[in-house]
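Now for the letters of each chain:
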Amino acid sequence: MLPPGTLRRPLAAAARLARARARPQVLASLATGPRQNNSIFYEIRMYDIKPPKMKEFVEMFNKYLHLRTAHSELVGCWSAELGAMNKVVHVWKYDNFAHRAAVRHALANDKDWQGKFISPALPLIEKQHNEVAYLVPWCQLGKPPKEGGVYEWVTFQMKPGGPALWGESFRAAINAHINTGYTKLIGVFHTEYGLLNTVHVIWWNESPDHRAAGRHSAHEDARVVAAVRDSVRFLDSQQNLLLIPLQCSPLK
């Protein structure tokens with residue numbers, strides 16, 4: 001006859017092992033969404049320029065930006081036409097945070113950049129704001145089919161919980177607009193630093209009138225209406241800007 005507890009001990013050990021194996025699955029369910037496949041991120045910078053100085057700032061930005069792009073990659077830069085005034089938006093790409101730190105150190109020691117742009121530009125700026133964001137895993141950075149259009153920058157403030165909560169519905173709403181064919185998706189960014197649970201979507205359109213006509217048609221498309229109604233359950237607020245690419249912008 002086996003000693004008391006002999007059978008219970010293996011059973012208890014097996015139960016503990018089963019619980020341990022199950023724990024990662026429980027924790028994984030708390031994730032905010034799919035992880036990024038690499039460390040690349042984008043710094044979004046928005047500058048509010050003093051109203052009388054906007055023209056001067058843009059001219060200076062176009063003239064000396066090559067000194068800045070010698071250090072890291074510029075995705076695009078625009079001035080706001082509608083939705084805000086005297087605002088410049090620019091997006092920079094970095095391999096990782098160490099890369100950004102090295103670039104910032106190099107810029108601080110770049111006498112041409114500091115002397116020709118930073119020193120004369122700072123008095124023209126009213127306010128600066130920046131965020132760090134990742135492209136959502138299901139979106140690649142796009143390019144417009146041709147030069148000469150306009151960009152719509154739409155910012156969605158989503159409910160806390162991350163893409164695990166609202167990701168599928170948000171993606172469906174984006175795809176519904178893409179499928180109408182009136183607009184071109186450039187990128188969808190989810191913030192890592194800044195106001196959290198923020199998503200920035202960049203669209204390209206041939207013109208403001210082309211966008212307006214496309215939006216009107218989209219609002220009569222049952223598929224778009226259904227997808228948007230489902231996604232707004234997770235939305236706190238949204239706003240948009242109509243952006244005009246600067247002369248020096250890679251995205252034109």
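The text that follows walks through the structure, step by step, so that each part is easy to find. (Residues numbered from 1 in each chain as written. Predicted model: local features only at pLDDT ≥ 70, side-chain atom pairs only at ≥ 80, totals over all residues. Heavy atoms only, no water.)

Turning next to the overall build of the chain. Along its length, the chain carries seven helices and eight strands. For the chain, with 252 residues in total, the buried portion stands at 42%. Taking the intrachain contacts of the chain between residues at least 6 apart in sequence as the baseline, contacts between residues at least 24 apart amount to 81%. Surface accessibility of the chain: about 14,400 Å² in total, with carbon and sulfur atoms responsible for 55%. (Helix = DSSP H or I, 4+ residues; strand = E, 2+ residues; numbered from the N terminus. Buried < 20%, exposed > 50% of the residue type's maximum accessible area, 1.4 Å probe, protein only. Contact = heavy atoms within 4.5 Å. Areas by Shrake-Rupley, 256 points an atom, 1.4 Å probe, with all protein chains shown as cover.)

Bringing the layout of surface pockets into the picture now. In this structure, the second largest pocket spans a volume of roughly 440 Å³. If you trace the second largest pocket, you find 23 residues lining it, with F156, H177, R215, V228 and Q238 closest to the centre. At the level of secondary structure, the elements contributing two or more residues to the lining of the second largest pocket comprise β5 (150–158), α5 (163–180), β7 (198–205), α6 (208–218), α7 (222–231) and β8 (235–245). Along the lines of polarity and charge, the residues of the lining of the second largest pocket split into 13 nonpolar, seven polar and three charged. (1 Å grid on protein atoms, 1.4 Å probe; cavity = no way out; pocket = protein on both sides within 12 Å on 5 of 7 lines; lining within 4 Å. Points joined across faces, edges and corners; volume = space filled by probe spheres on them. Nonpolar A, V, L, I, M, F, W, Y, C, P; charged D, E, K, R; others polar.)

Attention now moves to the packing of α5 against α7. Direction vectors running N to C along α5 and α7 enclose 155°, while the axes themselves pass 8 Å from each other. Classified by the angle their axes make, α5 and α7 are roughly antiparallel. Seen from above, α5 lies across α7 with left-handed handedness. Contacts from S169, F170, A172, A173, A176, H177 and T180 of α5 reach α7 at R223, V224, A227, V228, D230 and S231. (Axes fitted to C-alpha atoms, helices over the stretch in contact; angles between N-to-C directions. Parallel < 35°, antiparallel > 145°, perpendicular 65-115°, else oblique. Left-handed = near helix turned anticlockwise from the far one by under 90°.)

One way to put it is that helix α2 (residues 54–69) packs onto helix α4 (residues 111–121) with a least axis distance of 10 Å and a crossing angle of 155°. Classified by the interaxial angle, the pair formed by α2 and α4 is roughly antiparallel. In this structure, the crossing between α2 and α4 has a hand that is left-handed. Two secondary-structure elements touch here, α2 through F57, M60, F61, Y64, L67 and R68 and α4 through D112, W113, K116, F117, P120 and A121.

Ranked by internal contacts, the top residues of the largest apolar core, which has 35 residues, are W78, W153, F170 and V201. W78 has contacts with K87, V88, V89, V91, Y151, W153, I202, L243, I244, P245, L246 and L251, leaving out every residue within four places of it along the chain. (Core = buried A, V, L, I, M, F, W, Y, C linked by side-chain atoms within 4.5 Å.)

Within strand β1 (residues 41–49), nine of the nine residues are buried, which leaves it mostly tucked inside the rest of the structure. Where burial is concerned, the two faces of β1 agree: the one with F41, E43, R45, Y47 and I49 and the one with Y42, I44, M46 and D48 are both buried. In this sheet, strand β3 (residues 87–94) lies alongside β1 in antiparallel orientation, the contact comprising eight bridges. Paired with I44 across the strands is V91, a residue of β3. When β1 meets strand β4 (residues 125–135), the two strands line up antiparallel, connected through eight bridges. Its bridge partner being in β4, M46 is matched across the sheet by H129. (Pairing = 2+ DSSP bridges.)

Across four bridges, the pairing between strand β2 (residues 73–82) and β8 is antiparallel. Each bridged residue has a counterpart across the sheet, and for L82 the counterpart in β8 is L242. Pairing of β5 with β8, which is carried by eight bridges, proceeds in the antiparallel orientation. Bridging across to β8, F156 finds its partner in Q238.

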